[in-house]
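In case you want the letters, here they are:
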Amino acid sequence: MTKKLWEKWLPAFNVKPAINQVEFNPYFQQTELRAALTATQTALEAWAPLGSGNSAMLNEPVLKQIAEKYGKNVGQVILRFEHQEGVIVIPKSVHEARIKFNREIFDFCLTSAEMDAIRTLDTGAGQYDPDAPGVEAMLRSAFDVHAND
Ligand SMILES: NC(=O)c1ccc[n+]([C@@H]2O[C@H](COP(=O)([O-])OP(=O)(O)OC[C@H]3O[C@@H](n4cnc5c(N)ncnc54)[C@H](OP(=O)(O)O)[C@@H]3O)[C@@H](O)[C@H]2O)c1
């Protein structure tokens, strides 16, 4: 749920959602939505935490520089950044080696300056716009969460 949908539908829930899964990665850091979720202590779970394998993101100089410092790969730096931001991260890979690498993010810690450097990569927009006309209606027709509204 985008911030717009979150604020529209939150009053309708008898039980507040524990998690909101939305696109989140260094290119789209959801700053406004995350501020709204804090009020209800709702966790953000990253959809496309690696930007669906976005090659520009995986080759960002700042990420490569940090990866080199820690002897990690860029994917691991991205996942560590997200973890330190308090976001729930479930990356996807069909490759065993990458699945293993993607779990090895708990033996290093990014500094405040490194976190700030990665925060500057935020473009404020994602691959998709769930606020686009028709998307809310499509989603509501696919789930029965609000069937009694
Ligand atoms: N809520 C649900 O029911 C549900 C269901 C399904 C999926 N999802 C979520 O949907 C999202 C979409 O998936 P996504 O594939 O766009 O997400 P993603 O995790 O951002 O990206 C996965 C892509 O990155 C590549 N990759 C994985 N690890 C990498 C690494 N260390 N370095 C470089 N590239 C790496 C993968 O390629 P390889 O596979 O070739 O390694 C794959 O192409 C995921 O967050 C998933 O959890 C949610």
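Residues numbered from 1 in each chain as written. Predicted model: local features only at pLDDT ≥ 70, side-chain atom pairs only at ≥ 80, totals over all residues.

Trainee: Just checking my understanding: could you explain the overall build of the protein chain for this structure?
Mentor: The helix and strand tally for the protein chain stands at eight helices and three strands. Summarising its shape, the C-alpha atoms of the protein chain cover approximately 55 × 30 × 25 Å along the three principal directions. At a minimum sequence separation of 6, the contacts of the protein chain that also span at least 24 residues come to 71%. (Helix = DSSP H or I, 4+ residues; strand = E, 2+ residues; numbered from the N terminus. Contact = placed C-beta atoms within 7 Å.)

Trainee: Just to check I follow, could you spell out the pairing of strand E1 (residues 19-23) for this structure?
Mentor: Remark: a regular strand shows side chains that alternate across the two faces of the sheet. Note that E1 and strand E2 (residues 43-47) share five bridges and pair parallel. What sits directly across from Glu23, in E2, is Trp47. In this view, the connection linking E1 to its parallel neighbour E2 by way of helix H2 (residues 31-38) has right-handed handedness. (Pairing = 2+ DSSP bridges. Right-handed = clockwise from strand over helix to strand, strands pointing away.)

Trainee: Is there a simple way to think about the site of the ligand in this case?
Mentor: In the vicinity of the ligand there are 20 residues, among which Leu50, Ser52, Gly53, Gly75 and Ser93 approach most closely. Top element by residues in the shell around the ligand is helix H6 (residues 96-103). It accounts for three residues. Class assignment of the residues belonging to the shell around the ligand gives a composition of nine nonpolar, nine polar and two charged. (Near = placed C-beta within 6 Å. Nonpolar A, V, L, I, M, F, W, Y, C, P; charged D, E, K, R; others polar.)

Trainee: Looking at this model, I keep getting lost on the environment of Ala36. Mind explaining?
Mentor: One can find Ala36 in helix H2. Taking the C-alpha atoms as reference points, Ala36 and Glu7, 29 residues apart in sequence, are found 8.1 Å from one another. If we skip the residues at most four places from it in the chain, Ala36 touches Lys3, Trp6 and Glu7.

Trainee: Help me out: how do you make sense of the nonpolar core in this one?
Mentor: In globular proteins that are soluble, nonpolar side chains generally tend to be buried together. Counting residues in each nonpolar core, the largest one holds 20 residues, and the members touching the most others are Phe24, Leu44, Leu63, Val77, Ile78 and Val87. Elements represented by at least two residues in this core include exactly H2, E2, helix H4 (61-70) and helix H5 (74-84). For this core, the leading source of residues is H5, giving five residues. With residues near it in sequence (within four places) discarded, Phe24 still touches Gln29, Gln30, Leu44, Ala46, Trp47, Pro49, Glu82 and Val87. (Core = buried A, V, L, I, M, F, W, Y, C linked by C-beta atoms within 7 Å. Buried ≥ 20, exposed ≤ 12 C-beta atoms within 10 Å, placed from the backbone.)

Trainee: Looking at this structure, how should I read the environment of Val22?
Mentor: The residue Val22 is located in strand E1 in this model. C-alpha separation for the pair Val22 and Pro49, spaced 27 residues apart in sequence, amounts to 9.5 Å. Setting aside chain neighbours within four positions, we find Val22 in contact with Thr2, Gln30, Leu33, Leu44 and Trp47.

Trainee: In this structure, what is going on with the packing of H4 against H5? I would like to understand it.
Mentor: The relative placement of two packed helices is expressed as an angle between their axes plus a distance between the axes. Relative to each other, H4 and H5 sit at 95°, their axes nearing to 8 Å. It follows that H4 is roughly perpendicular to H5 by the angle criterion. For the pair H4 and H5, the contacting residues are Leu63, Lys64, Ile66 and Ala67 in the first and Val74, Gln76, Val77 and Ile78 in the second. Among the residues forming the contact of H4 with H5, the class breakdown is six nonpolar, one polar and one charged. (Axes fitted to C-alpha atoms, helices over the stretch in contact; angles between N-to-C directions. Parallel < 35°, antiparallel > 145°, perpendicular 65-115°, else oblique.)

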